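Remarks on the overall topology
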Amino acid sequence: ETGVTQTPRHLVMGMTNKKSLKCEQHLGHNAMYWYKQSAKKPLELMFVYSLEERVENNSVPSRFSPECPNSSHLFLHLHTLQPEDSALYLCASSQDRFDRLNTEAFFGQGTRLTVV
Amino acid sequence: GENVEQHPSTLSVQEGDSAVIKCTYSDSASNYFPWYKQELGKGPQLIIDIRSNVGEKKDQRIAVTLNKTAKHFSLHITETQPEDSAVYFCAASLMDSNYQLIWGAGTKLIIKP
């Protein structure tokens, strides 16, 4: 186990549904990330939070809405998604956003999302 | 912006043989290059990394080499074992900037018994 837990592991939702993905880490890390992983494509960074403040939003559609209520929890709220949004959504954390020494990112197991 | 190309997309080797995965990057200012391994049903996990002030780093059966002039870096796995079967991702980052990792598309490594 990496210390980063994601729930649910699998999610099937209709295009009109609203759902949320949850990520939790108890590693004492200050930075948390959402990534989208599609088959045979590079990991796509979606959002970055540092000390509970969103510091990066990589042109992600507004139907994806992140929330970081505290340094241990990260949510991704989903609303009116499209079939092309089906993918594995990975959460990760690292010690700090700009820490040159502690650079390792710890990933959760991901949520396999299918939009029907 | 930075771009990372990774080859091959699939690599099949006989157990006990060596495997080499190569990545090229576009931004000559990049100075941090990690490799992550993703097993089935799990998230990626860091296995080795290298910074631009060294040319090679080794950890037991895995090693990474960096050629800054050619802007490419490679992962070498020797004496491959069944548990090495996974998808491997390379990445590049400029550590003095926003530490955003730019990822390769991944290599599926298959170890044949």
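Above this text you will find the structure in question.
A short tour of the structure in this document, coming up. Keep in mind that this is a model prediction, so the values were computed, not measured.

Here's the deal with the sheet that holds strand β7 (residues 62-67) of chain B
Remark on secondary structure: sheet strands pair via backbone hydrogen bonds, oriented parallel or antiparallel. All names here are of chain B. Sheet architecture is open: five strands sit in the order β1-β3-β8-β7-β6, paired in antiparallel fashion. Two strands close off the open sheet at either side, each with one partner strand: β1 (4-7) and β6 (56-59). Taken over all neighbouring pairs, the strand axes of this sheet differ in orientation by 15° on average, direction set aside. Examined bridge by bridge, β7 and strand β8 (residues 72-77) share six bridges and lie antiparallel to one another. What sits directly across from Ile62, in β8, is Ile77.

Some remarks on the nonpolar core
Counting residues in each nonpolar core, the largest one holds 23 residues, and the members touching the most others are B:Trp35, B:Phe73 and B:Leu109. Sorting the residues of this core by element identifies β2 (10-14), β3 (19-25), β4 (32-38), β5 (45-51), β7, β8, β9 (86-92) and β11 (107-112) of chain B as the ones contributing at least two each. Membership of the second largest hydrophobic core comes to 22 residues, among which are A:Met46, A:Leu78, A:Ala87 and A:Tyr89.

Section: the state of the cysteines
Residue and element names in this part refer to chain A. For the structure shown, the criterion picks out two disulfides over all chains. Covalently, Cys23 is tied to Cys91 through a disulfide, its sulfur atoms 1.9 Å apart. For the disulfide bridge between Cys23 and Cys91, the dihedral angle about the S-S bond is near -70°, and by the sign convention the bridge is left-handed. Note that Cys23 is positioned in strand β3 (residues 18-25) and Cys91 in strand β9 (residues 87-94), a separation of 68 residues in sequence.

A short note on the side chain of A:Gln37
Secondary-structure assignment places A:Gln37 in strand β4 (residues 31-37). At 2.8 Å, the side chain of A:Gln37 forms a polar contact with the side chain of B:Gln38. With residues up to four places along the chain from it excluded, the contact list for A:Gln37 reads A:Leu43, A:Ala87, A:Leu88, A:Leu90, B:Gln38 and B:Phe89.

Things to note about the sheet that holds strand β7 (residues 64-70) of chain A
All names here are of chain A. Strand order in the open sheet formed by four strands is β1-β3-β8-β7, and the pairing between neighbours is antiparallel. The open sheet has two edge strands, β1 (4-7) and β7, and neither has a second partner. For this sheet, the mean angle separating the axes of adjacent strands, direction not counted, is 20°.

Comments concerning the pattern of salt bridges
A complete count under the given rule lists seven salt bridges over all chains for this structure. With its nearest N and O atoms 3.9 Å apart, the salt bridge here joins A:Lys22 to A:Glu24. Residue classification places A:Lys22 among the partly exposed positions, given a relative accessible area of 29%. You can call A:Glu24 partly exposed: its relative accessible area is 22%. Within the structure, one salt-bridge network assembled from shared partners comprises B:Lys37, B:Glu39 and B:Lys42.

Calculation rules
Residue numbers restart at each chain and count upward from 1, following the sequence in its written direction. Both sets of labels track the order of writing: A upward for chains, 1 upward for ligands. Reporting of local features is limited, given that this is a predicted model, to residues whose pLDDT is at least 70; pairs of side-chain atoms are given and counted only at 80 or more, and all residues count toward the totals for whole chains, interfaces and linings. Only hydrogens and water are removed before side-chain values are computed, so all heavy atoms of the structure are retained for them. Between any two strands, pairing holds if DSSP finds at least two bridges. Secondary structure counts use DSSP, requiring at least four H or I residues in a row for a helix and at least two E residues in a row for a strand, with both numbered from the N terminus. Here the axes come from fitting lines to C-alpha atoms, over the contacting stretch only for helices, and the angles between their N-to-C directions go from 0 to 180 degrees. Take the buried Ala, Val, Leu, Ile, Met, Phe, Trp, Tyr and Cys residues and link them wherever side-chain atoms come within 4.5 Å; each set so joined is a nonpolar core. Each residue is placed in one exposure class: buried if its accessible area under a 1.4 Å probe, protein chains only, is under 20% of its type's maximum, exposed if it is over 50%, and partly exposed if it falls in between. Criterion for a disulfide: a pair of cysteine sulfur atoms within 2.5 Å. Here a polar contact is recorded for every N or O atom pair within 3.5 Å, except that within protein the pair must consist of a potential hydrogen donor and a potential acceptor, and residues adjacent in sequence are included only if both atoms are side-chain atoms. Here a residue-residue contact requires only that any non-hydrogen atoms of the pair lie within 4.5 Å. Think of a salt bridge as a Lys or Arg side-chain nitrogen and an Asp or Glu carboxyl oxygen that are within 4 Å of each other.

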